[in-house]
Amino acid sequence: VKDKVNFSQDLSYEFRRDPIRGLTWPFNETFVYAFDSFTNLQWILSPKHLVNLNLNIFQSSNLFANINSLIPQSASVNFRRRGASFGFSDAYQFDSGMVLTTVVRYTNFYTAAHGQAAPSPMTINPEGWGGNYFNTSSRNANQLQALPVLQLPSKSWLGHHDIRFGFDFLYRTFTGSSVSQPINLLPEGCTLVKLQANNCMPVEQIAFQGSGALQGSGALQGSDTEFSEYAEDHWTLTKSLSLTLGARVSTQTIGLHDAFAPRAGLAYSFPSWKTVIRAGAGLIYSHVPLLAQDFADNQTRVIAFSSGSPSPYAGRTITLQNVYLPGGSLANSTSPEDLADSPRTFTWNIESETAIRKNITLRVGYYETHTGDLFLVNPILPPILPTTGMNGL
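A few points on the structure. Just so we're clear, the structure is a prediction, and the values are computed from it rather than from any experiment.

### Section: the overall build of the protein
Of regular secondary structure, the protein possesses 2 helices and 22 strands. By the compact-globule yardstick of 21 Å for 393 residues, the protein is too spread out, its C-alpha radius of gyration being 28 Å. Considering only C-alpha atoms, the protein reaches an extent of 85 × 55 × 55 Å along its principal axes. Carbon together with sulfur atoms contributes 60% to the accessible area of the protein, which is approximately 22,700 Å² in total. Positive and negative side-chain charges in the protein, numbering 26 and 28 respectively, have mean positions lying 9 Å apart.

The following block contains the structure:
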């Protein structure tokens, strides 16, 4: 409806079969089934007021997702996902020229992975994988985000200032489970059939203890609430020089409580050379993974080395406890409530763009980034005597 309502709908269905080299037909293909729907409705309430509503539905199944020349279909994993996302945006321009834009979005995302048959031990030997894929997992995640942004009218003071500031609310939660069956590491020539007939023995066995769920709740779970405020000023000093200055302050219930993230950018043009120089730098804080919050409640890994193993731990069994080690230090462990750090990245870049001819532009740039406080799983085996090690996060 002209100048009133716009509606659009996009639907897609995908079916794909991909052959994998190294396996025999017809057991050498992965299968993908996927469906996506995107619906958008736009209302023009007035020349100064615009509202958008959209709904995105997506789902897919990937059968035999990880097969290769060493992983047959029988030992592979099936991966399934489905989800939906609903959001709206409201943009309103006041008579003063100030613009208020509000975006709200809710997303649900579900994933599941499982093997091809009833749970049974998985085997790995130099010839490849055998048995059934060792892990069965599912996760159901929800996210709600709201972002109001206020753009002020252009101000004049030593040039022109385009100032905006906003607020960001983010709530994330998930529930799920992850249950693993034993993995047997076999010597060359030893297969699952020979193992079941007691004609050979594993060199090493990895077993998993615990339910893979929180005590009494029946599911792993995690949640986080984040609040952020930010402001930005795009300052045009002259026709050739502009600066962008901004900062963001955020707090996370399972991360850093007072993260301050400044950023700055510069652009300078040389009209006679038809060249623009741009540079920028900024500190960015990321979200703490919800899986890290619930890391300690995952199953405990137990490694049993046979007496004939070439490992220095031959004949011993080691239990790897799931613990938090801030900064990778073994001195002190912590609890999920003490995750006081968030992943952060400092990045900067500089580039030059030159118009060589009317339809040819040359751009040369350099980009550098440094990231710290990432959450990594690091199995730490004990010295020879103790029988307890750690899965450090």
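### As for the pattern of salt bridges
Tallying each qualifying case throughout the model produces 12 salt bridges. Between Glu29 and Arg17 there is a salt bridge whose closest N-O contact spans 2.8 Å. Of the two residues, Glu29 sits in strand E2 (residues 29-46) while Arg17 sits in strand E1 (residues 5-19), which places them 12 residues apart along the sequence. Residue class for Glu29 comes out buried when judged on its relative accessible area of 10%. A salt bridge links Arg278 to Glu351; the shortest N-O distance between them is 3.2 Å.

### Re the packing of aromatic side chains
The tally for this structure, following the rule as stated, stands at 15 aromatic pairs. A centroid spacing of 6.0 Å and a plane angle of 75 degrees characterise the contact between Phe295 and Tyr324, whose relative ring orientation is edge-to-face. Note that Phe295 is positioned in the loop between helix H2 (290-293) and strand E17 (300-305) and Tyr324 in the loop between strand E18 (317-323) and strand E19 (344-357), a separation of 29 residues in sequence. Taking the relative accessible area as the measure of exposure, Phe295 reaches 9% and is therefore buried.

### Let's talk about the state of the cysteines
Counted according to the given criterion, the structure contains 1 disulfide. Cys190 shares a disulfide with Cys200; S-S distance 1.9 Å. Judged by the sign of its S-S torsion, about 60 degrees, the bond between Cys190 and Cys200 is right-handed. One end of the pair, Cys190, is in the loop between strand E11 (183-185) and helix H1 (192-196); the other, Cys200, is in the loop between H1 and strand E12 (204-209), with 10 residues separating them in the sequence.

### Quick word on the nonpolar core
Of all hydrophobic cores here, the largest spans 9 residues; its members are Phe174, Leu220, Ile254, Val288, Leu290, Ala292, Phe295, Tyr324 and Leu339. Core analysis: the second largest hydrophobic core is formed by 5 residues, Phe305, Tyr313, Ile318 and Leu320 among them.

### Some remarks on the layout of surface pockets
In this structure, the largest pocket spans a volume of roughly 660 Å³. Taken together, 33 residues line the largest pocket, and the ones lying closest to its centre are Asn135, Arg139, Ser178, Phe295 and Asn298. Secondary-structure elements contributing two or more residues to the lining of the largest pocket are strand E5 (99-114), strand E8 (135-151), strand E10 (160-180), E12 and H2. Per element, the largest residue contribution to the lining of the largest pocket is 5 residues, and it comes from E10. When its residues are assigned to classes, the lining of the largest pocket shows 18 nonpolar, 12 polar and 3 charged.

### Re the environment of Ala355
In this structure, Ala355 sits in strand E19. On the basis of relative accessibility, which here comes to 33%, the residue Ala355 falls in the partly exposed class. Residues Ala355 and Ala207, spaced 148 residues apart in sequence, show a C-alpha to C-alpha distance of 63 Å. In contact with Ala355, other than residues within four places in its own chain, are Lys274, Ile360 and Thr361.

### Considering the side chain of Gln42
By the secondary structure assignment, Gln42 is in strand E2. Separated by 3.5 Å, the side chains of Gln42 and Asn52 make a polar contact. Contact partners of Gln42, with chain neighbours within four places excluded, come to Lys4, Val5, Asn6, Leu50, Val51 and Asn52.

The rules behind each value
Starting afresh in each chain, residues are numbered from 1 along the sequence in its written order. Totals for whole chains, interfaces and linings use every residue, but because this is a predicted model, local features are given only for residues with pLDDT of at least 70 and side-chain atom pairs only at 80 or more, for both listing and counting. As a convention, hydrogens and water are excluded, and side-chain values are obtained from all of the structure's heavy atoms. Elements are defined by DSSP. Helices are runs of H or I of four residues or more, strands are runs of E of two residues or more, and each kind is numbered from the N terminus. Both definitions apply: the radius of gyration is a C-alpha atom measure, and the globule rule equals 2.2 Å times residues to the power 0.38. Note on areas: Shrake-Rupley with a 1.4 Å probe; residue coverage comes only from the protein chains shown. In this count, Lys and Arg are taken as positive residues and Asp and Glu as negative ones, while His and the chain termini are left out. Every charge is mapped to an atom, namely NZ of Lys, CZ of Arg, CG of Asp or CD of Glu. A pair is scored as a salt bridge if a Lys or Arg side-chain nitrogen falls within 4 Å of a carboxyl oxygen belonging to Asp or Glu. When a residue's accessible area, from a 1.4 Å probe over protein chains only, is under 20% of the maximum for its type it is buried; when over 50% it is exposed; and in between it is partly exposed. Pairing of aromatic rings covers Phe, Tyr and Trp, the last through its six-membered ring, and needs centres within 6.5 Å; plane angles under 30 degrees mean stacked, over 60 mean edge-to-face, and all others mean tilted. Cysteine sulfur atoms that come within 2.5 Å of each other are treated as a disulfide pair. By nonpolar core is meant a set of buried Ala, Val, Leu, Ile, Met, Phe, Trp, Tyr and Cys residues that side-chain atoms within 4.5 Å join together. Both cavities and pockets are sets of points on a 1 Å grid over the protein atoms alone; in a cavity a 1.4 Å probe fits but cannot get out, in a pocket the set is open with protein on both sides within 12 Å along at least five of seven lines, and lining residues sit with an atom within 4 Å of a point. Grid points are joined across faces, edges and corners, and a volume is the space filled by probe spheres set on the points. In the scheme used here, Gly and all other residues not listed as nonpolar or charged are polar, with Ala, Val, Leu, Ile, Met, Phe, Trp, Tyr, Cys and Pro taken as nonpolar and Asp, Glu, Lys and Arg as charged. We call two residues in contact when some of their heavy atoms are within 4.5 Å. What qualifies as a polar contact is a pair of N or O atoms within 3.5 Å, subject to a donor-acceptor requirement within protein and to the restriction that residues adjacent in sequence count only when both atoms come from side chains.

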